[in-house]
Amino acid sequence: MKYSKENQKSRHPGLDSGSNIPKLRFPEFENDGEWREKPLNELLTIGNGKDYKHLSNGKIPVYGTGGYMLSVNDYLYDGESVCIGRKGTIDKPMFLTGKFWTVDTLFYTHSFKHCIPKYIFYNFGTINWYDYNEAGGVPSLSKTTINKINIPVPPKDDVKEQQKIADCLSSIDNLITASTKKVEALKEHKKGLMQQLFPSEGKSVPKLRFPEFKNAPKWEEKTLGDVGKVSMCKRIMKDETAETGKIPFYKIGTFGKKADAYIDIELYEDYRKKYSFPKKGDILISASGTIGRLVVYDGLPAYFQDSNIVWIDNNEELVINSFLLFFYETVKWTTSDTTIARLYNDNLRSVQILKPSIPEQQKIADCLSSIDELITASTKKVETLREHKKGLMQQLFPSAKEL
């Protein structure tokens, strides 16, 4: 099938290679032939959202491009629908069911013909909507443009193949939702546990103590300055960095992310021997911008921006690193009264810390670390499921490009 240049913009990206058969097809549909393209206006009707301010409070949800907003006493549509932004956020399709109202920046679909809403929803997820942007400033879509977009559909009008695809992808979405909820539940569990494992304000013992420490002494009050020295790497000048290299240089903007600057290995070796440098396991703290972000130094070759990224070179006979990490998570960091948030050395040194014996510190750290491991594993599962869904969508729709 050949397409003229005039047709290319309205053509669904999943069919750009000219193949109208998906790479992956359920066995019962393998002999059904090639898929077809149909413009959206032959498959459904696009409805305009409306202003809701004249409505009273109620139980009907109102949605904007960012999701749920509030509830009112009337509705625009009752049933399954796919929404897409008219202005602003135009690349986040939304699937709704039941009674709802949408604002005037959100289109909604209705009156489906030979297609099912959930199938359209997943198709919408493969479209680069910014290719259809009609504005130079705030992105926007028109109903006319959307109606001309061609959507690939299976050859038969009984929608059985569409339903099979939608069911398959929905099952993965359900797993993603369940796994995401598990991550959030684990985070809440950890938060509640930390409130009990560390003494509350004005107290010297926690609400929850492991049995072997129930008769142990009260926790000892110190400052971070008492347990270690505030340290930082020696300053690196801009002309000493490069866009590529062997030793990543983490600035405050890339702290905890991927480095975008590097330094020479000779400079790295020289500075780490002559000046302050973190040990494996030390807790690095962002002292500028969003202060209090934490990274455990893994010991791999790397360098960190002076004064913006600091650490307490703590005496582990007083406070072990693994306990200090979780203590930092309880701290409400204070900053000086400046335009840009900044954690100065004196701020850090003066932070009050209550500490139990080393064995009790270790027990608390081990408990919370085990929850962190569960959170990490569950988060990775969510990421794996999302990648699996992405790959599956590339195969379930004809010749779909990488999303």
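Everything quoted here is computed from the prediction, not taken from an experiment.

Visitor: Where do I start with the pattern of salt bridges in this structure?
Guide: Pairing between side chains of opposite charge can happen when the charged atoms of each approach one another. Within this structure, the stated rule accounts for 19 salt bridges. Between Lys-355 and Glu-220 there is a salt bridge whose closest N-O contact spans 3.1 Å. Taken together, the residues span a long stretch of sequence, with Lys-355 in strand β19 (residues 352-355) and Glu-220 in strand β11 (residues 220-223) at a distance of 135 residues. It is possible to trace a salt-bridge network through shared partners that takes in Lys-190, Glu-329 and Asp-372.

Visitor: So what exactly am I meant to see when it comes to the environment of Leu-96 here?
Guide: Structurally, the position occupied by Leu-96 is in strand β7 (residues 94-96). Leu-96 sits in the buried class, given a relative accessible area of 6%. With sequence-adjacent residues up to four places away left out, Leu-96 is seen in contact with Tyr-63, Gly-79, Glu-80, Ser-81 and Cys-83.

Visitor: What exactly am I supposed to notice about the packing of aromatic side chains here?
Guide: Enumeration according to the criterion identifies 24 aromatic pairs in this entry. Residues Trp-35 and Phe-397 carry aromatic rings whose centres are separated by 6.5 Å and whose planes lie at 90° to one another, so their mutual orientation is edge-to-face. Highlighted residues: Trp-35 in the loop between α1 (5-8) and β1 (36-39) and Phe-397 in the segment after α9 (358-396), separated in sequence by 362 residues. The two residues Trp-35 and Phe-397 agree in class, both being buried. On the basis of an interplanar angle of 50° and a centroid distance of 6.2 Å, the ring pair of Phe-327 and Tyr-328 is categorised as tilted. Pairwise contacts between aromatic rings join Phe-249, Tyr-250, Tyr-268, Tyr-271, Tyr-275, Phe-277, Tyr-297, Tyr-303 and Phe-304 into one cluster. Note that Lys-118 overlies the ring of Phe-95, its terminal NZ or CZ placed 4.6 Å from the centroid. Lys-234 extends its terminal NZ or CZ atom over the ring of Tyr-275, reaching a point 4.9 Å from the ring centre.

Visitor: Hey, could you run me through the nonpolar core in this one?
Guide: Soluble globular proteins tend to pack their nonpolar side chains together in the buried interior. The biggest cluster of nonpolar side chains holds 76 residues, and the ones touching the most others in it are Phe-198, Leu-224 and Phe-327. Leaving out residues up to four positions away in the same chain, Leu-224 has contacts with Ile-312, Leu-324, Phe-327, Tyr-328, Leu-348, Arg-349, Val-351 and Ile-353. Listed in part, the 21 residues of the second largest apolar core include Cys-233, Tyr-271, Tyr-297 and Trp-311.

Thresholds applied
Residues numbered from 1 in each chain as written. Predicted model: local features only at pLDDT ≥ 70, side-chain atom pairs only at ≥ 80, totals over all residues. Heavy atoms only, no water. Salt bridge = Lys/Arg side-chain N within 4 Å of Asp/Glu carboxyl O. Helix = DSSP H or I, 4+ residues; strand = E, 2+ residues; numbered from the N terminus. Buried < 20%, exposed > 50% of the residue type's maximum accessible area, 1.4 Å probe, protein only. Contact = heavy atoms within 4.5 Å. Phe/Tyr/Trp six-rings, centres within 6.5 Å; stacked < 30°, edge-to-face > 60°. Lys NZ or Arg CZ within 6 Å of the ring centre and 35° of its normal. Core = buried A, V, L, I, M, F, W, Y, C linked by side-chain atoms within 4.5 Å.

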